[in-house]
Amino acid sequence: MLTGFLAVVVVVALVTVALPVIMKNILIQNMAQCLQRDDLEAFDRILDGRIARMVFQEFDRENLRLNACLRTGDSQKIKEQYQAMLNLRLRNVKQEKQLVMNAFSYFINNGEGEEARQLFPRLKQAVSPEEYERCRIMYRVIIKKQSKDIETLEEQLIEASQMDQSVLHYLLSLQYGYLGNTQKEQEHLELARQSDARADRSIQESKKG
């Protein structure tokens, strides 16, 4: 009797745990093949299908759709997808932080100043005070084209990580460019490239380890 009960438990475990994982992997492979063929209609049919709705959370499904939009480079579709995701009822703070930070970065880098500005209330709730202030600086420098944060960013460079150094040097390069100081502009631009290269090497080495 006990052996039979254990067999039932094993079968239930396989169905409830292993099967969804297997189905997710199959769906992801099928969707990847659709993207390789640039068949976005087939991609959406899979993602909107009954099985995908069963094994993926809504946020994960829409995030997959966002990645497909980003692959196409269609700025209007990307913007619409970000707006649709920002209207979702998210399940946890991690999803909220990931979404608002990614959306803010996209809007900033694509010159969508108003869309980026509207995210500040949500950013203030989702990220640390330091991250929030960095977003404010990025907005002032990239969108407003102001140059009043040079001293602050140069101070932050002292203890910044390699990845952060790249961003800081880039923001400093822009500000010096606004001031007409081409020497400093090019100097920080080159340092940003070097920081990017070092960060990439560090990531590759960590993957090998």
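Here the structure is a predicted model, which is why all the values come from computation and not from measurement.

Student: Go over the overall build of the protein with me, naming the residues and quoting the values.
Tutor: Each helix and strand counted, the protein has 12 helices and 0 strands in total. Shown N-terminal to C-terminal, the secondary structure of the protein runs as helices and strands in the order α-α-α-α-α-α-α-α-α-α-α-α. Expressed as a percentage of its 209 residues, the buried residues of the protein come to 32%. A fraction of 48% describes how many contacts in the protein between residues 6 or more apart in sequence connect residues 24 or more apart.

Student: Mind laying out the packing of helix 6 (residues 93-109) against helix 9 (residues 129-143), listing which residues take part and the relevant values?
Tutor: Where helix 6 contacts helix 9, the two axes come as close as 10 Å, and the packing angle between them is 15°. By the angle between their axes, helix 6 is roughly parallel relative to helix 9. In the crossing of helix 6 with helix 9, the sense of the turn from one axis to the other is left-handed. The segment helix 6 lies against helix 9, with Lys97, Met101, Phe104 and Ile108 engaging Glu131, Cys135, Met138, Tyr139, Ile142 and Ile143.

Student: Could you give an account of the packing of aromatic side chains, naming the residues involved and the relevant values?
Tutor: Here the distance between the centres and the angle between the planes together describe a pair of aromatic rings. The full count for this structure, using the stated rule, is 6 aromatic pairs. One aromatic cluster is present, formed by Phe104, Phe120, Tyr132 and Tyr139 through successive ring pairs. Here the guanidinium or amino end of Arg136 rests over the ring plane of Phe120, the centre of that ring lying 4.5 Å away.

Student: Tell me about helix 6, and please be specific about residues and values.
Tutor: In a regular helix each residue adds 1.5 Å, so 17 residues correspond to 24 Å; helix 6 covers 24 Å between its end C-alpha atoms and thus fits that length. Turning to helix 6, its buried residues are Gln95, Glu96, Leu99, Val100, Ala103, Phe104, Tyr106, Phe107 and Ile108. At the C-terminal side of helix 6, Gly111 shows a positive phi close to 70°.

Student: Explain the side chain of Ser195 residue by residue, including any values.
Tutor: For Ser195, the location among the structural elements is in helix 12 (residues 182-208). Filtering out sequence-adjacent residues up to four positions away, Ser195 remains in contact with Gln162, Gln165, Ser166 and His169.

Student: An account of the environment of Phe43 is requested, with residue identities and associated values reported.
Tutor: Mapping Phe43 onto the fold places it in helix 2 (residues 40-47). Judged by relative accessible area, which is 3%, Phe43 ranks as buried. Expressed as a C-alpha distance, the spacing of Phe43 and Gln33, which sit 10 residues apart in the sequence, is 8.7 Å.

Student: Any chance you could break down the nonpolar core for me, citing the residues and the numbers?
Tutor: Ranked by size, the top nonpolar core spans 35 residues in total, and within it Tyr82, Phe104 and Leu123 carry the most contacts. Every element with two or more residues in this core is listed here: helix 4 (58-72), helix 5 (75-86), helix 6, helix 8 (120-126), helix 9, helix 10 (150-156) and helix 11 (162-178). The contact partners of Tyr82, leaving out residues within four places of it in the chain, are Leu66, Leu99, Asn102, Ala103, Tyr106 and Phe107. Listed in part, the 11 residues of the second largest apolar core include Cys34, Ala42, Leu47 and Val55.

Student: Could you give an account of the layout of surface pockets, naming the residues involved and the relevant values?
Tutor: Each pocket or cavity is described by its volume, and for the largest pocket that value is around 330 Å³. At the level of secondary structure, the elements contributing two or more residues to the lining of the largest pocket comprise helix 6, helix 9 and helix 11. Considered class by class, the residues forming the lining of the largest pocket number 8 nonpolar, 2 polar and 4 charged.

Student: Could you give me a rundown of the side chain of Glu96, with the residues and numbers involved?
Tutor: The residue Glu96 is located in helix 6 in this model. Only 2.8 Å separates the side chain of Glu96 from the side chain of Arg122, close enough to count as a polar contact. Glu96 has contacts with Leu90, Arg122 and Ala126, leaving out every residue within four places of it along the chain.

Student: Provide a residue-level description of unusual backbone geometry, including the pertinent values.
Tutor: Only a minority of non-glycine residues have a phi that is not negative, and only a minority of peptide bonds are not trans. With phi around 60°, Asp38 is a residue other than glycine that occupies positive phi space. On the secondary structure map, Asp38 appears in the loop between helix 1 (2-36) and helix 2. In this structure Asp38 comes out as exposed when scored by relative accessible area, which is 56%. The backbone phi angle of Lys145 is positive, close to 55°, even though this residue is not glycine. Note on placement: Lys145 falls in the loop between helix 9 and helix 10. The exposure class assigned to Lys145 is exposed, which follows from its relative accessible area of 52%.

Procedures and definitions
- Position numbers for residues start from 1 in each chain and track the written sequence from start to end.
- A pLDDT threshold of at least 70 governs which residues receive local features in this predicted model, and a stricter bar of 80 or more applies before side-chain atom pairs are shown or counted, although totals over entire chains, interfaces and linings include all residues.
- Just so you know, side-chain values use all the structure's heavy atoms and leave hydrogens and water out.
- In DSSP terms, a helix is any run of H or I states spanning at least four residues, a strand is any run of E spanning at least two, and both are numbered starting from the N terminus.
- Each residue gets one of three labels from its accessible area relative to the maximum for its type: buried under 20%, exposed over 50%, partly exposed in between, using a 1.4 Å probe on protein chains only.
- In this description, contact between two residues means that some pair of their heavy atoms is separated by no more than 4.5 Å.
- Every axis corresponds to a line fitted to the C-alpha atoms, with the helix fit spanning only the stretch in contact, and the corresponding angles, defined between N-to-C directions, vary from 0 to 180 degrees.
- An angle below 35 degrees is treated as roughly parallel, one above 145 as roughly antiparallel, one from 65 to 115 as roughly perpendicular, and anything else as oblique.
- Note on convention: near helix rotated counterclockwise from far helix by under a right angle means a left-handed crossing. Clockwise means right-handed.
- Here the aromatic set is Phe, Tyr and Trp, taking the six-membered ring for Trp, and pairing holds for ring centres within 6.5 Å; pairs whose planes are under 30 degrees apart are stacked, those over 60 apart are edge-to-face, and all others are tilted.
- Here, a charge over a ring is recorded when the distance from Lys NZ or Arg CZ to the ring centre is within 6 Å and its angle to the ring normal is within 35 degrees.
- Multiplying 1.5 Å by the residue count of a helix minus one yields the expected span of that helix.
- For our purposes a nonpolar core is just a set of buried Ala, Val, Leu, Ile, Met, Phe, Trp, Tyr and Cys residues, chained together by side-chain atoms within 4.5 Å.
- Think of a 1 Å grid over the protein atoms and nothing else: a 1.4 Å probe that fits but is trapped marks a cavity, an open set flanked by protein within 12 Å on at least five of seven lines marks a pocket, and residues with an atom within 4 Å of a point count as lining.
- Grid points are joined across faces, edges and corners, and a volume is the space filled by probe spheres set on the points.
- Gly counts as polar in this scheme, as do all residues outside two lists: the nonpolar Ala, Val, Leu, Ile, Met, Phe, Trp, Tyr, Cys and Pro, and the charged Asp, Glu, Lys and Arg.
- N or O atoms within 3.5 Å of each other form a polar contact, as long as, within protein, one can give a hydrogen and the other can take it, and as long as residues adjacent in sequence are counted only when both atoms are side-chain atoms.

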